[in-house]
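# Geometric and topological summary
For reference, the chains in residue letters:
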2 protein chains.
Amino acid sequence: MKNIYLLGATGSIGLQTIEIIEENPDDFNLVAISGYNQLDELIDIASRFSLRMISVKNEEDANVLKKVFTETTIVSGDEGLKELATLNPGDKDGILVNALVGMVGLRPTIEAIQIDRTILLANKETLVVGGHLIQELLEQHKSKLYPLDSEHNAIWQALNGEDLASVKRLIITASGGAFRDLSREELKHVTLKDALNHPNWSMGQKITIDSATMMNKGFELIEAAYLFHIDMDRIQPIIHRESIIHSMVEFNDNSIIAQMAQHDMRLPISYAMYYPKRTPGLTQPLDFGTIKELHFEEVDYERYPLLGLAIEAYQQGGSKRAVLNAANEIAVSLFLENKITFLDIENIVIDAVHNHKVIPNPSLEEIIAIDKEIKTQIRFEYDR
Amino acid sequence: MKNIYLLGATGSIGLQTIEIIEENPDDFNLVAISGYNQLDELIDIASRFSLRMISVKNEEDANVLKKVFTETTIVSGDEGLKELATLNPGDKDGILVNALVGMVGLRPTIEAIQIDRTILLANKETLVVGGHLIQELLEQHKSKLYPLDSEHNAIWQALNGEDLASVKRLIITASGGAFRDLSREELKHVTLKDALNHPNWSMGQKITIDSATMMNKGFELIEAAYLFHIDMDRIQPIIHRESIIHSMVEFNDNSIIAQMAQHDMRLPISYAMYYPKRTPGLTQPLDFGTIKELHFEEVDYERYPLLGLAIEAYQQGGSKRAVLNAANEIAVSLFLENKITFLDIENIVIDAVHNHKVIPNPSLEEIIAIDKEIKTQIRFEYDR
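Since we're looking at a predicted model, the values are computed, not measured.

Before going further, it helps to spend a moment on the relation of the copies chain A and chain B. The operation linking the two copies of the chain is a rotation about an axis combined with a translation along the axis. Least-squares fitting of chain A to chain B yields an RMSD of 0.0 Å, with the transformation described by 0.0 Å of translation along the axis and a rotation of 180°. Considering both components of the superposition, the chain copies are consistent with a two-fold axis. For chain A, the residue whose C-alpha comes nearest the rotation axis is G161 of chain A, separated from it by 1.9 Å. Interface residue correspondence from chain A to chain B reaches 100%, placing this contact among same-surface, isologous pairings.

Here it is in structure tokens:
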């Protein structure tokens, strides 16, 4: 029986984690959850489990929950996330699922590493922005950090039983996003509605846009470099329209191991929760008689400039990655608010990264300050 | 440094094994080789190494070799193969590569298992015909049996680090052979020349014909069942024209791990020789920008009756598999001699298997007797 501490319970990854826990009550015990401000959803989840702790954003919401769940510790704000991430420090089989969205997810990862807790990571900012801090901390602590993202989870599966030293290259597949068949010229005229129409699946708005610009894939390259301790020049993105192969590992003998599955996040979540054992789950099998064809195309870096920018930001290191993430977050928001065009997203992010003077090894406080500064700057310029 | 004892040195697998040894003189030492009657090739190989033993088919050839290599033990016949397979029984790092073609390969595998020697297996008859004997012996001895065949080698790689108990299905890929685009009706008129024209690579004549009838794939299903201790109904063949994915494993969570590489037997041979470590070798990397597409089709068992027959022969067990192999061997010979049509191959094998009264658990002697009897019978009927 493993205890699950779940940050971001009301998002897509959070809800699917809960689904797996409910399907397997003998294997997992949900101990604590956090949510932003979706009180109804939090109350619904909390009434199905005997929770030790619930964390919400605002004290006001916390007070409501305190009246409903008198046996449960209710906490709030950043301090609440910290309490949740470090609850029961002696629980060696405990697992923190970090499914928070945004910069807020970085600090709880750090705190959980410090109590040697196993972390299942869906929060992108943890590694995209804080990768250097996380890597250093993981070397000092016994904590294990496992990826929930389907691409990194695929690489983790492909590496099973293999020696990291024999890895030659990671091949990360990309759907190509909503606009994969459009030229740069055609991109000038795309609308918000077009951009939200992902070819393979439905996701949140932010990640759907990040998929169309391939900023998302750029973030994944950075995450992969930190997760698997591999140089960026040995990580290759490739466009694979069907998204059946979730990623691959090429070894030094030029043998490639690929992981394939349906598009169903419950598979990587379940794999990580049960690791090192596999268990029958909720994901349907693949049928190659139906699939019939898999396609591959090289990535055109001129077509997807943010992908190259991510590589550049990683290689320049330090605070550049914080700027990349912050600028992109605000640019996508502005696009979703219909204040800028699709191609403006790229221009804003490129300008921000190029104009930033790098701080080599920024602390958590410096990262947070840069994040705030960049976001405020861009908002100030465009938000009127 | 591992000592290599090589059965079938002058065939394709044998020569590629020698190529790997010569490329890696610090890792491997070629100790002994066998060949049928290609004296020139054997002399050529033997003059590049300091061999302890050479085994040939005939005493006459042995006498020639004795005069050329006075420091080397020269042996001949079945007894010679036995001596080679069991040379230096105390050599715990020794590896027997069994690349013999035909029934003659079964006995040396048995003898090597009995001295706990690691065996790299390319000889199909060992498992197709003798699988039940081999499986029993492996349970009693410490010997490891590893596959060189690209499909089984791929499954072995995909299983690396995984628990066999979590395997749901093995998916074995098949090119479909030279006639994959022809109907049964069109098959009536194909010639020997057509049949020898394999779409993906050039191999020996026998295996090219076995590929066109999919008898070869049927044999591989039987081998996989024995190698990976899995029921036949959990092994699925699938047509994959490009032969880039060499095979796949589906786990109980419906995740699939696939192994891909160029068509180059030096990769599986090298993987097996170096196992459990991977080493840069002679095989070129895959380039997905060039590959562009992978295709899959379900297998039509009416189109390929020998595939279904192999499954049937495996399930009925015992001596049926010996009949399947013997009848096919003679039928293919008759076709190569232009004495029967392509579709006659299937009819001869189907008739032989169906007419045979099964012996449940045949001994090696019984297998050899059945093999001889079936071959003589069919030869007698058609060879005039």
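The subject of this paragraph is the sheet that holds strand β2 (residues 28-34) of chain A. Residues and elements named next belong to chain A. Strand order in the open sheet formed by 7 strands is β4-β3-β2-β1-β5-β6-β7, and the pairing between neighbours is parallel. The outermost strands of the open sheet, each flanked by one partner alone, are β4 (73-76) and β7 (145-147). The average angle at which neighbouring strand axes cross in this sheet is 25°, direction not considered. With respect to the sheet, helix α3 (residues 59-68) is in contact with β3 (53-56) and β4, its orientation differing from that of β4 by roughly 170°.

With that settled, the discussion passes to helix α4 (residues 77-85) of chain B. Residues and elements named next belong to chain B. Listing the buried residues of α4 in full gives G77, G80, L81, L84 and A85. One side of α4 carries all its buried residues, which in axial view fall inside an arc of 135°. The secondary structure elements touched by the buried residues of α4 are β1 (2-7), β2 (28-34), β3 (53-56), β4 (73-76), β5 (95-98) and α5 (106-114).

Before going further, it helps to spend a moment on the interface of chain A and chain B. The interface of chain A with chain B comprises 43 residues on the first partner and 43 residues on the second. Of the roughly 3400 Å² buried between chain A and chain B on both sides combined, carbon and sulfur atoms contribute 53%. When the buried area of chain A at its contact with chain B is split by residue, D253, R278 and F288 of chain A rank highest and sum to 20% of it. At the surface where chain A touches chain B, the tally comes to 4 salt bridges. Across the salt bridge formed by D253 of chain B and R278 of chain A, the nearest N and O atoms sit 2.9 Å from each other. Taken together, the connections running from chain A to chain B amount to 20 residue pairs in polar contact (both at pLDDT 80 or more). Contributions of two or more residues to the side of chain A that touches chain B are made by α8 (150-159), β8 (167-174), β10 (245-251), β11 (256-260), α13 (266-274), α14 (288-291) and β12 (293-295) of chain A. The leading source of residues in the side of chain A that touches chain B is β11 of chain A, at 5 residues. Class assignment of the residues belonging to the side of chain A that touches chain B gives a composition of 19 nonpolar, 14 polar and 10 charged. Inspection of the sheet shows β11 of chain A paired to strand β11 (residues 256-260) of chain B by 5 bridges, in the antiparallel sense.

All names here are of chain B. Structurally, H152 can be placed in helix α8 (residues 150-159). The buried category is assigned to H152, whose relative accessible area is 0%. Apart from the residues within four sequence positions on either side, H152 is in contact with P147, E220, E223, A224, L227 and F228.

Right, let's get into the domain arrangement of chain A. All names here are of chain A. Splitting chain A by domain gives domain 1 (2-147), domain 2 (149-261 + 272-313) and domain 3 (317-384). The distance between the C-alpha centroids of domain 1 and domain 3 comes to 27 Å. At the interface, 12 residues of domain 1 touch 13 residues of domain 3. With both chains or domains summed, domain 1 and domain 3 bury close to 990 Å², and 60% of this area falls on carbon and sulfur atoms. The largest share of the area that domain 1 buries against domain 3 comes from M103, V129 and H132, three residues that together contribute 47% of it. At the junction of domain 1 and domain 3, the tally comes to 0 salt bridges. Summed over the shared surface of domain 1 and domain 3, the number is 4 residue pairs in polar contact (both at pLDDT 80 or more). Counting only elements with at least two residues in the side of domain 1 that touches domain 3, the list comes to α5 (106-114), α6 (125-128) and α7 (131-140). Here the residues of the side of domain 1 that touches domain 3 are counted per class, giving 7 nonpolar, 3 polar and 2 charged.

Here the structure, examined in full by the defined rule, presents 44 salt bridges over all chains. A salt bridge links K188 of chain A to E185 of chain A, with the nearest nitrogen and oxygen atoms 3.1 Å apart. On the basis of relative accessible area, K188 of chain A is assigned to the partly exposed category, the value being 48%. In this structure, E220 of chain B and K124 of chain B form a salt bridge, with 3.6 Å as the shortest nitrogen-oxygen distance.

Turning to α13 of chain A, a few remarks are in order. Taking burial as the measure, the 9 residues of α13 of chain A include 9 buried ones, the bulk of the element. Taken together, the buried positions of α13 of chain A are occupied by R266, L267, P268, I269, S270, Y271, A272, M273 and Y274 of chain A.

This paragraph deals with the pairing of strand β6 (residues 118-121) of chain A. Residue and element names in this part refer to chain A. Neither face of β6 is left uncovered, since the one carrying T118 and L120 and the one carrying I119 and L121 both have all their residues buried. Of the strand pairs in this sheet, strand β5 (residues 95-98) and β6 are connected by 4 bridges, and their pairing is parallel. Bridge assignment links N98 to a residue of β6, and that residue is L121. A crossover links β5 with its parallel partner β6, the connecting element being α5, and its sense is right-handed.

Before going further, it helps to examine the pairing of β11 of chain B. With 5 of its 5 residues buried, β11 of chain B lies for the most part within the structure. Taking the residues between adjacent antiparallel strands as the criterion, strand β10 (residues 245-251) of chain B and β11 of chain B are bridged by 4 residues, where N254 of chain B takes a positive phi near 70°.

Residues and elements named next belong to chain A. Viewed as axis vectors pointing N to C, helix α16 (residues 320-336) and helix α17 (residues 342-355) meet at an angle of 155°, and their least axial separation amounts to 8 Å. In this view, α16 runs roughly antiparallel relative to α17, as classed from their interaxial angle. For the element pair α16 and α17, the recorded crossing hand is right-handed. Packed against α16, whose contacting residues are K320, V323, L324, A327, N328, A331, V332, L334 and F335, the element α17 presents F342, I345, I348, V349, A352, V353 and H354 at the interface. Partitioning the contact of α16 with α17 into residue classes produces 13 nonpolar, 2 polar and 1 charged.

Now for the packing of aromatic side chains. All names here are of chain B. If you walk through the whole model with that rule in mind, you get 20 aromatic pairs over all chains. Relative to Y271, the ring of W156 lies with its centre 5.0 Å away and its plane at 85°, an arrangement referred to as edge-to-face. With a gap of 115 residues between them, W156 in helix α8 and Y271 in helix α13 (residues 266-274) connect regions that are remote in the sequence. Residue W156 is classed as buried on the basis of its relative accessible area of 9%.

Before going further, it helps to examine the sheet that holds β2 of chain B. Residue and element names in this part refer to chain B. Read from one edge of the open sheet, 7 strands run β4-β3-β2-β1-β5-β6-β7, paired in parallel fashion. Each of the sheet's edge strands pairs with one partner strand only, and the pair in question is β4 and β7 (145-147). Taking the axes of each pair of neighbouring strands and ignoring which way they run, one obtains an average angle of 25° across the sheet. Across 3 bridges, the pairing between strand β6 (residues 118-121) and β7 is parallel. Bridge assignment links I119 to a residue of β7, and that residue is L145. Contacting β1, β2 and β5, helix α1 (residues 12-23) crosses the sheet at an angle of about 160° to β1.

Conventions and cut-offs
Residues numbered from 1 in each chain as written. Chains lettered and ligands numbered in written order. Predicted model: local features only at pLDDT ≥ 70, side-chain atom pairs only at ≥ 80, totals over all residues. Heavy atoms only, no water. Least-squares fit on C-alpha atoms with pLDDT ≥ 70 in both. Contact = heavy atoms within 4.5 Å. Pairing = 2+ DSSP bridges. Helix = DSSP H or I, 4+ residues; strand = E, 2+ residues; numbered from the N terminus. Axes fitted to C-alpha atoms, helices over the stretch in contact; angles between N-to-C directions. Buried < 20%, exposed > 50% of the residue type's maximum accessible area, 1.4 Å probe, protein only. Arc of directions from axis to C-beta. Buried area = accessible area lost by both parts, 1.4 Å probe. Salt bridge = Lys/Arg side-chain N within 4 Å of Asp/Glu carboxyl O. Polar contact = N/O pair within 3.5 Å; in protein donor to acceptor, adjacent residues only side chain to side chain. Nonpolar A, V, L, I, M, F, W, Y, C, P; charged D, E, K, R; others polar. Domains from an automatic or database assignment. Right-handed = clockwise from strand over helix to strand, strands pointing away. Parallel < 35°, antiparallel > 145°, perpendicular 65-115°, else oblique. Left-handed = near helix turned anticlockwise from the far one by under 90°. Phe/Tyr/Trp six-rings, centres within 6.5 Å; stacked < 30°, edge-to-face > 60°.

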